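Chain and residue survey
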Amino acid sequence: MLSERRLEVLRAIVQDYVGTEEPVGSKALTERHGLGVSPATVRNDMAALEDEGYIHQPHTSAGRIPTDKGYRLFVDKLAGVKPLTSAERRAIQNFLDGAVDLDDVVGRTVRLLAQLTRQVAVVQYPSLTRSSVRHVELLALAPARIMLVLITDTGRVEQRLIDCPAPMSDTLLADVRARLNARVVGRRFADVPPLVADLPDGFEYDDRPSVSILLATLLETLVEETEERIMLGGAANLTRFNHDFPLTIRPVMEALEEQMVLLKLLGEANDSGMTVRIGHENFHEGLNSTSVVAVGYGSGDEAVAKLGVVGPTRMDYPGTMGAVRAVARYVGQILAES
């Protein structure tokens, strides 16, 4: 365990390095942070931190910079989440409130996160597998041709065209719609099949084939393995941090182009807590010089997807964590109200 004073020295080194981009020396620390001890004592503390792998010397004439291990301790023990100002919160709300549909919500969220954090923003679309039914609409396009529209609690809309074996009257279609919604609205997708299994039995014998094909199409839509979708924005922000990447920025850019890498990067969607992965904690070699800050979002207590940012390990962790958490909260509110 590090002493309180050495923790304070580490905190000061991280803050100074993130702010100045320059390796940090004992004299500068003493002058800037009022640590209450001499430069010689700070030098001894820095030597101990270096021995334990929390900081290192990039070249012989320089001060010290944090290692992945040093950033990890800073995030876990020293960095509170920096709250946004009331002006920033208002700006987030006003920007996201203008969204007209789910695609617009996700697009605005990506742009907003990239602007707030000046990092690469990554937003996962809400997954159908973790959604509930908000409404099922049945629209007659022709006497025997029906459009089924499934609307989820996250605002996602799925449409299917169905050719029925016989014409359906407006009265029959309205009856099916009413009975169907009475059983499925508010239910998780996985819970729906047994709730509607006997629905056709309540209709006239001649109408049952058409009702059955409507139900079969609905159930297929609920269980389809739809591709997880991700939107990314702000990749150009990484070019501002060229010197933070040891050799070249190319491995980072290549990793960010891979959909499965991005999904694994954000982590499991049903884990709604804040996750921060630093440097070599990232599974993909191309991302070993980056940090990822991600959190779940959803329309209720349960997360339906994740959002977050990717940037260099030399990151303003308290500010980034605050921005990511605030944006996730507002997106969840919008989904709940939409």
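The structure we're discussing is the one just above.
Note that this is a predicted model, so its numbers are computed, not measured.

Definitions and cut-offs
Residues numbered from 1 in each chain as written. Predicted model: local features only at pLDDT ≥ 70, side-chain atom pairs only at ≥ 80, totals over all residues. Heavy atoms only, no water. Helix = DSSP H or I, 4+ residues; strand = E, 2+ residues; numbered from the N terminus. Rg over C-alpha atoms; globule rule 2.2 N^0.38 Å. Buried < 20%, exposed > 50% of the residue type's maximum accessible area, 1.4 Å probe, protein only. Contact = heavy atoms within 4.5 Å. Areas by Shrake-Rupley, 256 points an atom, 1.4 Å probe, with all protein chains shown as cover. Lys, Arg positive; Asp, Glu negative; His and termini not counted. Charge placed at Lys NZ, Arg CZ, Asp CG, Glu CD. Pairing = 2+ DSSP bridges. Axes fitted to C-alpha atoms, helices over the stretch in contact; angles between N-to-C directions. Parallel < 35°, antiparallel > 145°, perpendicular 65-115°, else oblique. Left-handed = near helix turned anticlockwise from the far one by under 90°. Nonpolar A, V, L, I, M, F, W, Y, C, P; charged D, E, K, R; others polar. Phe/Tyr/Trp six-rings, centres within 6.5 Å; stacked < 30°, edge-to-face > 60°. Lys NZ or Arg CZ within 6 Å of the ring centre and 35° of its normal. Salt bridge = Lys/Arg side-chain N within 4 Å of Asp/Glu carboxyl O. Arc of directions from axis to C-beta.

**A word on the overall build of the protein chain**
- Along the protein chain, the regular secondary structure elements total 12 helices and 10 strands.
- Taken over the C-alpha trace, the protein chain has a radius of gyration of 26 Å; the compact-globule value for 338 residues is 20 Å, which it surpasses by more than 25%.
- Principal-axis analysis of the C-alpha atoms places the extent of the protein chain at approximately 90 × 35 × 35 Å.
- Every one of the 338 residues in the protein chain was classed for burial, and the buried ones make up 49%.
- By sequence separation, contacts in the protein chain at least 24 residues apart represent 60% of the contacts at least 6 residues apart.
- Split by element, the accessible area of the protein chain, about 16,200 Å² in all, is 50% carbon and sulfur.
- In the protein chain, 36 side chains carry a positive charge and 46 a negative one; their mean positions are 7 Å apart.

**Points about the environment of R111**
- By secondary structure assignment, the location of R111 is in helix α6 (residues 102-117).
- Judged by its relative accessible area of 41%, R111 falls in the partly exposed class.
- Considered as a pair, R111 and G233 are 122 residues apart in the sequence and their alpha carbons are 6.3 Å apart.

**A few points about the sheet that holds strand β9 (residues 290-297)**
- Strand order in this open sheet of 5 strands is β7-β3-β10-β9-β8, and the pairing throughout is antiparallel. The sheet is open, and its two edges are formed by β7 (230-233) and β8 (275-278), each paired on a single side. Here the average twist between neighbouring strands, direction ignored, is 15°.
- Pairing of β8 with β9 involves 4 bridges; the strand directions are antiparallel. Each bridged residue has a counterpart across the sheet, and for I278 the counterpart in β9 is S291.
- Seen against the sheet, helix α11 (residues 259-266) touches β3 (120-124), β7, β8, β9 and β10 (305-312) and runs at an angle of roughly 90° to β7.

**With respect to the packing of helix α1 (residues 4-20) against helix α4 (residues 68-78)**
- Axis separation between α1 and α4 bottoms out at 10 Å; the angle between their running directions is 110°. Comparing their axes, α4 and α1 come out roughly perpendicular. Here α1 runs over α4; the crossing is left-handed. For the pair formed by α1 and α4, the contact residues are L7, L10, R11, V14, Q15, Y17 and V18 on the first element and G70, Y71, L73, F74 and L78 on the second.
- Split by residue class, the contact of α1 with α4 holds 9 nonpolar, 2 polar and 1 charged.

**Focus on the packing of aromatic side chains**
- Applying the stated criterion across every chain, the model contains 1 aromatic pair.
- With 5.6 Å between their ring centres and 50° between their planes, Y71 and Y317 make a pair best called tilted. A residue pair is termed long-range when its members are at least 10 positions apart, and Y71 in helix α4 and Y317 in helix α12 (residues 317-337) qualify at 246 residues. Of the two residues, Y71 and Y317, neither departs from the other in class, the shared state being buried.
- The cationic tip of R108 hangs over the ring face of F95; the distance from NZ or CZ to the ring centre is 5.3 Å.
- Its guanidinium or amino end placed over the ring of Y125, R229 lies 3.9 Å from that ring's centre, counting from NZ or CZ.

**Examining the sheet that holds strand β4 (residues 133-142)**
- Reading across from one edge, β4-β5-β6 is the order of the 3 strands in this open sheet, with antiparallel pairing throughout. Strand pairing shows two members of the sheet lacking a second neighbour, β4 and β6 (157-163), which therefore form its edges. The sheet shows a mean angle of 20° between the axes of neighbouring strands, direction not considered.
- Where β4 lies against strand β5 (residues 145-152), 8 bridges are found, and the strand directions are antiparallel. When the bridges of β5 are listed, V133 appears paired with T152.

**Points about the pattern of salt bridges**
- By the definition in use, this model includes 16 salt bridges.
- In this structure, R72 engages E281 in a salt bridge whose closest nitrogen and oxygen atoms are separated by 2.7 Å. Placement of R72 in helix α4 and of E281 in the loop between β8 and β9 is noted, with a sequence separation of 209 residues between them.
- Given the relative accessible area of 36%, E281 is considered partly exposed.

**Digging into helix α2 (residues 26-33)**
- Among the residues of α2, S26, L29 and T30 are the ones counted as buried. Down the axis of α2, the smallest arc covering the buried residues is 95°, so these residues share one side. Exposed side of α2, more than 90 degrees from the buried face: K27, E31 and R32 are the residues found there.
- Of the residues trailing α2, G34 is marked for its positive phi of about 50°.

**Considering the packing of α1 against helix α3 (residues 39-51)**
- In the contact formed by α1 and α3, the axes pass within 10 Å of each other and the chain directions differ by 85°. Relative to α3, the element α1 is oriented roughly perpendicular. Residues R5, R6, V9, L10 and I13 of α1 pack against T41, D45, M46, A48 and L49 of α3.
- A class-by-class count of the residues in the contact of α1 with α3 yields 6 nonpolar, 1 polar and 3 charged.

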